[in-house]
Amino acid sequence: MDPEYDLTVIIPTYREGENIASLIGTIDGILSGAGIRGEILVVDDSSPDGTIPAVRALEAKLPNLRLVVRTADPGLSQSVVEGFSLARAPVFLVIDADFSHPPGLIPRFLDEIRSGADVAIGSRYIPGGGSEGWPLWRRIISRGATLLGRILFPEITDPVSGFFAVRREVVAGAPLRPRGYKILMEVLGKGTWRRAVEIPFVFRERKAGSSKLRAGTMLDYLRQVFDIARFALTRRQGAVWTELEKAFWFAAVGCSGIVVNMGLLWILTRFFGIYYLVSSIIAIEVSILNNFAWNDRWTFGRDTGHLHRSLAKRIGLFHAVSVGGAAINWLILLALTQFAGVFYLVSNLAGILAGFVWNYLVNRNVTWKRG
Ligand SMILES: Nc1nc2c(ncn2[C@@H]2O[C@H](COP(=O)(O)OP(=O)(O)O)[C@@H](O)[C@H]2O)c(=O)[nH]1
Ligand SMILES: [Mg+2]
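These notes cover the structure that comes with them. Throughout this description, residue numbers start from 1 for each chain and increase along the sequence as written. Chains and ligands are labelled by the order in which they are written, letters from A for the one and numbers from 1 for the other. Two thresholds apply to this predicted model, a pLDDT of at least 70 for residue-level local features and 80 or more for giving and counting side-chain atom pairs, whereas whole-chain, interface and lining totals are computed over all residues. Hydrogens are left out, water is left out, and the side-chain values use all remaining heavy atoms of the structure.

### Side note on the overall build of the chain
Okay, step 1: Here a helix means four or more residues in a row that DSSP labels H or I, a strand means two or more in a row labelled E, and each is numbered from the N terminus. When its secondary structure is counted, the chain shows twelve helices and nine strands.
Okay, step 2: For the C-alpha atoms alone, the extent of the chain along its principal axes is close to 90 × 45 × 35 Å.
Okay, step 3: Each residue's exposure class comes from its accessible area (1.4 Å probe, protein chains only) as a fraction of the maximum for that residue type: buried when under 20%, exposed when over 50%, partly exposed otherwise. A burial count over the chain gives 45% of its 371 residues as buried.
Okay, step 4: We get accessible surface area from the Shrake-Rupley algorithm with a probe of 1.4 Å; when it comes to residues, only the shown protein chains can shield them. By element, 64% of the accessible surface of the chain is carried by carbon and sulfur atoms, the whole surface being about 18500 Å².
Okay, step 5: By the counting scheme adopted, Arg and Lys are positive, Glu and Asp are negative, and His together with the chain ends is not counted. Where a charge lies is defined by one atom per residue type, namely NZ (Lys), CZ (Arg), CG (Asp) and CD (Glu). Seen as two clouds, the 41 positive and the 32 negative side-chain charges of the chain have centres 7 Å apart.

Structural data, given as structure tokens:
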């Protein structure tokens, strides 16, 4: 590490000859304008176009600019990880070379890290963020990838963002297995961090050149998600593990609710002679209260941070969410069985799963909202 620098800006490039010189100039201006001692590190995969000569020409003028030309194992994530290992500053920032990520926000990222964040993430999905100029198919794919990523990191709205900053310690020594496009997922899944903040930004269509997204990228991503989940399960630490643990307790509490519901239905009907449909209403309500109590004590009760809602509001919301979950379960059962001809017990299983994801995420983020 070199105390000479505050920040290393890592720019992965492949065939960015039309953008790179102008981007470097812009970034250098922003860094010096903000009083940041910044190193600019371009990591290129032997681009056959004018990228390399363009950076070389600038290297003579900018002492804080460095070019690394890779010749083996090409790939965006691999290039970023190589950038991590060569960077000299205590904080790293990753940005695309095509002006899709606004360089003007760079000082904001450093500010967030300086005020205590371990990871600062540029997000398209919080107020003030968005994306412009992408065709519908790219938006749908990107949205799907983001939702999948959120299962592992529910409090992060854009876990697949390519625009982010991390403290050196987060990734130093982390067993990163870079592949595909989603290097941030790898950093969040395997790095050591506690506090992540998000900064809204508008993703713009690249200024010049064309996208390098390939079909295999999506398959790579699926593999990466499983790899991170497996890593969390075997290491039993880190952000993903904490989340899986909580989801596990939530599921266990749900199972206890089934026992309460069935048991009470049987007792009330059999021994108290209550009409079974009436018993069932009582049994459902008691099982909801049972689940609430355990989740309040256990699943979400152990988290730190101030709870935003009173006990009465939590109980009310928990009921509303449960009704929503039941409706989702029922709609999926109906849709898959009636319109897709799926066997009803299989449809129901899909419905239960979807209802579970809904119940978990909404309760986690709304009913037991903390912060
Ligand atoms: N080093 C390196 N950079 C890459 C590679 N593929 C893409 N990039 C860079 O990664 C960034 C994002 O790539 P881009 O093609 O714009 O993807 P898109 O924005 O998702 O369409 C750009 O700065 C590219 O130059 C690669 O294989 N190696
Ligand atoms: Mg791009």
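### Quick word on the nonpolar core
Okay, step 1: Nine residue types can take part in a nonpolar core, namely buried Ala, Val, Leu, Ile, Met, Phe, Trp, Tyr and Cys, and a core is a set of them joined through side-chain atoms within 4.5 Å. Core analysis: the largest hydrophobic core is formed by 37 residues, its most contacted members being Leu7, Ile11, Ile24, Ile27 and Leu93.
Okay, step 2: Counting only elements with at least two residues in this core, the list comes to β1 (7–13), α1 (20–33), β2 (38–44), α2 (51–59), β3 (65–69), β4 (91–94), α4 (106–114) and β8 (196–200).
Okay, step 3: Tallying contributions element by element places α1 first for this core, with five residues.
Okay, step 4: In this structure, Val43, Ala174, Leu188 and Ala229 belong to the second largest nonpolar core, which totals 35 residues.

### Digging into the packing of helix α5 (residues 136–152) against helix α8 (residues 216–235)
Okay, step 1: At their nearest, the axes of α5 and α8 sit 10 Å apart, and the two run at 5° to each other. Classed by the angle they form, the pair α5 and α8 counts as roughly parallel. When α5 is examined against α8, the residues Ile141, Ala145, Leu148, Gly149 and Leu152 are found in contact with a partner set consisting of Met218, Tyr221, Leu222, Val225, Ile228 and Ala229. Axis definition: a line fitted to C-alpha atoms, over the contacting stretch in the case of helices. Angles run 0 to 180 degrees between N-to-C directions. Oblique is the label for every angle not falling under 35 degrees (roughly parallel), over 145 degrees (roughly antiparallel), or within 65 to 115 degrees (roughly perpendicular). Note on definitions: a residue-residue contact is assigned when non-hydrogen atoms from the two residues lie within 4.5 Å.

### A short note on the site of ligand 1
Okay, step 1: Surveying the vicinity of ligand 1 reveals 18 residues, the closest of which are Glu16, Asp45, Arg206, Ser211 and Lys212.
Okay, step 2: In the analysis that follows, any N or O atom pair within 3.5 Å is treated as a polar contact, provided that within protein one partner can donate a hydrogen and the other can accept it, and provided that, for residues neighboring in sequence, both atoms belong to side chains. The side chain of Glu16 places a nitrogen or oxygen atom 2.6 Å from an oxygen atom of ligand 1.
Okay, step 3: Starting from 580 Å² of accessible surface for ligand 1 in isolation, the protein chains cover 94%.
Okay, step 4: Taken together, the elements giving at least two residues each to the shell around ligand 1 come down to β1 and α3 (76–86).
Okay, step 5: In the shell around ligand 1, the residues fall into seven nonpolar, four polar and seven charged. Residues are classed as near a molecule or strand on a simple rule: at least one heavy atom within 4 Å of it. Charged residues are taken to be Asp, Glu, Lys and Arg, nonpolar residues to be Ala, Val, Leu, Ile, Met, Phe, Trp, Tyr, Cys and Pro, and polar residues to be all remaining types, Gly included.

### Some points on the pattern of salt bridges
Okay, step 1: Every case where a carboxyl oxygen of Asp or Glu lies within 4 Å of a side-chain nitrogen of Lys or Arg is listed as a salt bridge. Per the stated rule, a full pass over the model turns up 22 salt bridges.
Okay, step 2: Across the salt bridge formed by Glu112 and Arg108, the nearest N and O atoms sit 4.0 Å from each other. One end of the pair, Glu112, and the other, Arg108, are both in helix α4, four residues apart, so they sit about a helical turn from each other.
Okay, step 3: One salt bridge in this structure joins Arg167 and Asp118, with 3.2 Å as the shortest N-O distance.

### Description of unusual backbone geometry
Okay, step 1: A positive phi angle is found at Arg15, which is not glycine, with a value near 50°.
Okay, step 2: Checked against the element boundaries, Arg15 lands in the loop between β1 and α1.
Okay, step 3: For Arg15, a relative accessible area of 37% puts it in the partly exposed group.
Okay, step 4: The phi dihedral of Asp73 falls on the positive side, at around 45°, and the residue is not glycine.
Okay, step 5: Along the chain, Asp73 turns up in the loop between β3 and α3.

### Description of the packing of α8 against helix α9 (residues 238–271)
For any two helices packed against each other, one specifies the inter-axial angle together with the distance between the axes.
Okay, step 1: It is at 8 Å that the axes of α8 and α9 come closest, and there the two elements cross at 80°. The orientation of α8 relative to α9 falls into the category roughly perpendicular. Only Val240, Trp241 and Leu244 of α9 make contact with α8, whose side of the interface consists of Ile228, Ala229, Ala232 and Leu233.
Okay, step 2: Residues of the contact of α8 with α9, tallied by class, amount to seven nonpolar, no polar and no charged.

### Brief notes about the sheet that holds β2
Okay, step 1: Two strands are said to pair when DSSP picks up at least two bridges between them. Strand order in the open sheet formed by seven strands is β3-β2-β1-β4-β7-β5-β8, with mixed pairing between adjacent strands. Edge positions in the sheet fall to β3 and β8, since each has one partner strand and no second. Neighbour-to-neighbour, the strand axes of the sheet open up by a mean angle of 20°, direction not taken into account.
Okay, step 2: Sheet topology places strand β5 (residues 119–123) next to β8; five bridges connect them, and they run parallel. Bridge assignment links Ile121 to a residue of β8, and that residue is Glu198.
Okay, step 3: Those strands touched by α1 are β1, β2 and β3, and its axis lies near 170° from that of β1.

### So, the packing of aromatic side chains
Okay, step 1: When the centres of two rings from Phe, Tyr and Trp lie within 6.5 Å, Trp using its six-membered ring, the rings pair. Their planes under 30 degrees apart give stacked, over 60 give edge-to-face, and anything left gives tilted. Following the criterion strictly, the structure yields 19 aromatic pairs and no others.
Okay, step 2: Aromatic side chains Phe163 and Phe201 sit 5.3 Å apart centroid to centroid with 85° between the ring planes, which places their arrangement in the edge-to-face category. Of this pair, Phe163 sits in the loop between α5 and β7 (164–167) while Phe201 sits in the loop between β8 and β9 (202–203), and the two are 38 residues apart along the sequence.
Okay, step 3: Residue Phe201 is classed as buried on the basis of its relative accessible area of 3%.
Okay, step 4: Judged by centre distance (5.2 Å) and plane angle (65°), the ring pair of Tyr275 and Tyr276 falls under edge-to-face.
Okay, step 5: Overall, the relative accessible area of 54% leaves Tyr275 in the exposed class.

### Quick look at the side chain of Asp45
Okay, step 1: On the secondary structure map, Asp45 appears in the loop between β2 and α2.
Okay, step 2: Sequence-distant contacts of Asp45, defined by excluding residues within four places in its chain, comprise Thr13, Tyr14, Arg70, Pro74, Gly75 and Ser79.

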